[in-house]
Amino acid sequence: MNNIDSDPGGSFQNPPAKPSAAPKPGSQKTAALKARLAKILAASGVKAEEHENRPSHFSFGAERIDAALRGNAGADGLPCAALHELHAADKSDRTCAAAMALLLAQRCRALEPDNRPILWLSESGEARRQGRLYPPGLAELGVDPSTIIHIDAPDSVAVLRAAADGVRSPAMAAVIVELSGKKPKGLDLTATRRLSLSSQKSGVLSLLLRSGSDADNPLPTAAFSRWQVAAAPSIALAGNAPGHSAFDITLLRHRSGLYGLSARLEWNSDDQIFREQPNEESAPQPRAVPALAAVRTDHPGTRAA
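The rules behind these values
- Residues numbered from 1 in each chain as written.
- Predicted model: local features only at pLDDT ≥ 70, side-chain atom pairs only at ≥ 80, totals over all residues.
- Heavy atoms only, no water.
- Helix = DSSP H or I, 4+ residues; strand = E, 2+ residues; numbered from the N terminus.
- Buried < 20%, exposed > 50% of the residue type's maximum accessible area, 1.4 Å probe, protein only.
- Contact = heavy atoms within 4.5 Å.
- Areas by Shrake-Rupley, 256 points an atom, 1.4 Å probe, with all protein chains shown as cover.
- pLDDT = per-residue confidence, 0-100.
- Salt bridge = Lys/Arg side-chain N within 4 Å of Asp/Glu carboxyl O.
- Expected span 1.5 Å × (residues − 1).
- Polar contact = N/O pair within 3.5 Å; in protein donor to acceptor, adjacent residues only side chain to side chain.
- Core = buried A, V, L, I, M, F, W, Y, C linked by side-chain atoms within 4.5 Å.
- Pairing = 2+ DSSP bridges.
- Axes fitted to C-alpha atoms, helices over the stretch in contact; angles between N-to-C directions.
- Parallel < 35°, antiparallel > 145°, perpendicular 65-115°, else oblique.
- Left-handed = near helix turned anticlockwise from the far one by under 90°.
- Nonpolar A, V, L, I, M, F, W, Y, C, P; charged D, E, K, R; others polar.
- Phe/Tyr/Trp six-rings, centres within 6.5 Å; stacked < 30°, edge-to-face > 60°.

With respect to the overall build of the protein
Here is step 1: The secondary structure content of the protein amounts to seven helices and 13 strands.
Here is step 2: Burial status across the protein gives 47% buried among its 305 residues.
Here is step 3: Of the contacts made within the protein by residues no fewer than 6 positions apart, 74% connect residues no fewer than 24 positions apart.
Here is step 4: For the protein, the computed accessible surface area is about 15,400 Å², with 51% contributed by carbon and sulfur atoms.

Some words on the confidence of the model for the protein
Here is step 1: When pLDDT is averaged along the protein, the result is 79, and 72% of the positions lie at 70 or above.
Here is step 2: The low-confidence segment residues 40-49 (pLDDT under 50) makes nine contacts with residues lying over four places distant or belonging to another chain.

Brief notes about the pattern of salt bridges
Here is step 1: Going through the model one piece at a time under the given rule, you end up with eight salt bridges.
Here is step 2: In this structure, the salt-bridge partner of Arg116 is Glu112, at a minimum N-O distance of 2.9 Å. Glu112 matches Arg116 in its accessibility class, with the two residues each being buried.
Here is step 3: Linking Arg116 and Asp114 is a salt bridge whose minimum nitrogen-to-oxygen distance equals 3.2 Å.
Here is step 4: With a relative accessible area of 36%, Asp114 lands in the partly exposed category.
Here is step 5: Via salt bridges that share partners, Glu112, Asp114 and Arg116 belong to a single interconnected network.

Comments concerning helix H6 (residues 156-168)
Here is step 1: In this model, H6 (13 residues) spans 18 Å end to end at C-alpha, consistent with the 18 Å of a helix rising 1.5 Å per residue.
Here is step 2: All buried positions along H6 are accounted for by Ser156, Ala158, Val159, Leu160, Ala163, Ala164, Gly166 and Val167.
Here is step 3: Measuring from the side-chain oxygen of the N-cap residue of H6 to the backbone nitrogen of Val157 gives 3.2 Å; that N-cap residue is Asp155.

Comments concerning the nonpolar core
Here is step 1: Judged by nonpolar contacts, the single largest core of 42 residues is most densely connected at Phe60, Met100, Ile176, Phe247, Ile249 and Phe274.
Here is step 2: Put simply, the parts of the chain that give this core at least two residues each are strand S3 (83-88), helix H3 (94-109), strand S4 (118-123), strand S6 (174-180), strand S7 (205-211), strand S8 (225-232), strand S10 (245-254) and strand S11 (262-268).
Here is step 3: Residue contributions to this core peak at 11 residues, all from H3.
Here is step 4: Those residues within four positions of Phe274 in sequence are excluded, and the remaining contacts are Phe60, Gly61, Ala62, Met100, Leu103, Leu104, Arg107, Phe247, Leu265, Glu266 and Trp267.

Section: the sheet that holds S8
Here is step 1: Reading across the sheet, the nine strands line up as S5-S4-S6-S7-S3-S8-S10-S11-S12 and stay open at both edges, with mixed pairing between neighbours. Each having just a single partner strand, strand S5 (148-153) and strand S12 (273-276) make up the two edges of the open sheet. When the angles between neighbouring strand axes are averaged without regard to direction, this sheet yields 25°.
Here is step 2: Judged from the eight bridges that link them, S8 and S10 form a sheet pairing that is antiparallel.

Here's the deal with the side chain of Gln277
Here is step 1: Examined against the element boundaries, Gln277 turns out to sit in the loop between S12 and strand S13 (284-285).
Here is step 2: Judged by its relative accessible area of 15%, Gln277 is buried.
Here is step 3: Every residue in contact with Gln277, bar those within four places of it in the chain, is listed here: Pro233, Ser234, Ile235, Ala246, Arg264, Leu265 and Glu266.

Considerations on the environment of Ala110
Here is step 1: You can see Ala110 is positioned in the loop between H3 and S4.
Here is step 2: Considering only alpha carbons, one finds Ala110 and Gln272, 162 residues apart in sequence, at a separation of 9.0 Å.

With respect to the packing of H6 against helix H7 (residues 189-202)
Here is step 1: In contact at an axis separation of 8 Å, H6 and H7 are set at 15° when each is read in the N-to-C sense. Classified by the angle between their axes, H6 and H7 sit roughly parallel to one another. Taken as a pair, H6 and H7 cross one another with a handedness that is left-handed. In contact with Leu160, Ala163, Ala164, Val167 and Arg168 of H6, H7 contributes Ala191, Arg194, Leu195, Ser198, Ser199 and Ser202.
Here is step 2: For the contact of H6 with H7, the per-class residue count stands at six nonpolar, three polar and two charged.

A short note on the packing of aromatic side chains
Here is step 1: Inspection of the entire model under this criterion finds four aromatic pairs.
Here is step 2: An aromatic cluster is defined as three or more aromatic residues linked by ring pairs; in this entry it consists of Phe60, Trp227, Phe247, Trp267 and Phe274.

A word on the side chain of Arg109
Here is step 1: Note that Arg109 resides in helix H3.
Here is step 2: Dropping the residues within four chain positions of it, Arg109 is found in contact with Asn115, Arg116, Pro117, Ile118, Thr147 and Ala173.

Regarding H7
Here is step 1: Taking 1.5 Å per residue as the helical rise, H7 with its 14 residues ought to reach 20 Å, and the 20 Å between its terminal C-alpha atoms agrees with that figure.
Here is step 2: Where H7 is concerned, the buried positions are Ala191, Thr192, Leu195, Ser196, Ser198, Ser199, Gln200 and Ser202.
Here is step 3: Each element contacted by the buried residues of H7 is listed here: S3, H6 and S7.
Here is step 4: With a side-chain oxygen lying 3.2 Å from the backbone nitrogen of Thr190, the N-terminal cap of H7 falls on Asp188.

Dropping the structure here:
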């Protein structure tokens with residue numbers, strides 16, 4: 001059945017009495033194509049209109065990076081209603097990549113009028129080995145620990161199932177899915193496409209956090225963008241005080257075809273914004289990102305389920 005024939009917009013109705021008022025063939029075709037596109041988007045779960053009370057895009061705050069990510073959307077930064085992927089450059093960068101995922105979710109969450117929480121999903125075994133979220137470290141980065149719901153699932157399959165439910169819920173500001181290893185069980189193109197479509201329907205930001213992945217041969221996913229994150233040395237503040245937490249980010253994939261974008265960003269916890277690190281003569285001071293300091297036992301301040 002041809003969907004265009006049933007176009008409710010009246011593109012194929014009888015022409016008006018006055019020939020001069022008749023719509024041009026080009027406008028008829030355009031209207032029919034728009035109507036058909038709307039039906040296709042509705043069937044695929046993609047909303048053409050903006051989500052109510054939700055921002056369409058969120059930014060890093062660094063002008064050069066945000067402007068480069070604008071693409072065809074006319075808005076700086078990355079779309080909120082999408083799946084984005086972050087890879088730790090090395091095993092030692094797991095904490096740094098996790099902090100970046102959390103801070104991006106915080107940037108998106110801060111744009112919403114409602115105080116929606118961030119859902120963090122991880123494997124219980126990996127959490128025991130690597131450590132869980134550390135509330136005092138979160139507070140140091142300007143993130144309220146009470147706004148995070150942390151769930152330890154038995155395995156990667158359970159993590160993905162819980163993530164699919166969480167992303168579909170508009171009660172969430174963002175969902176962070178933490179998976180480790182080169183090929184986590186259940187993580188494939190189908191699973192990530194399901195997350196991507198659910199994000200588009202609900203407007204909930206989805207972040208896939210990966211550590212121990214194969215940088216040369218990453219698993220194919222439906223992510224809108226893919227980033228590599230590594231820890232970077234910070235620049236000491238006045239009085240040789242420890243500087244802001246710093247990150248080296250590299251864009252590995254973008255749906256618009258953008259590539260080769262990289263920057264060294266630092267996080268200002270007071271202003272809740274990323275900025276490109278200035279080139280100064282000050283000697284860099286290596287500093288671990290404090291937000292996700294590893295703790296080997298459950299911390300009483302975490303909200304786990």
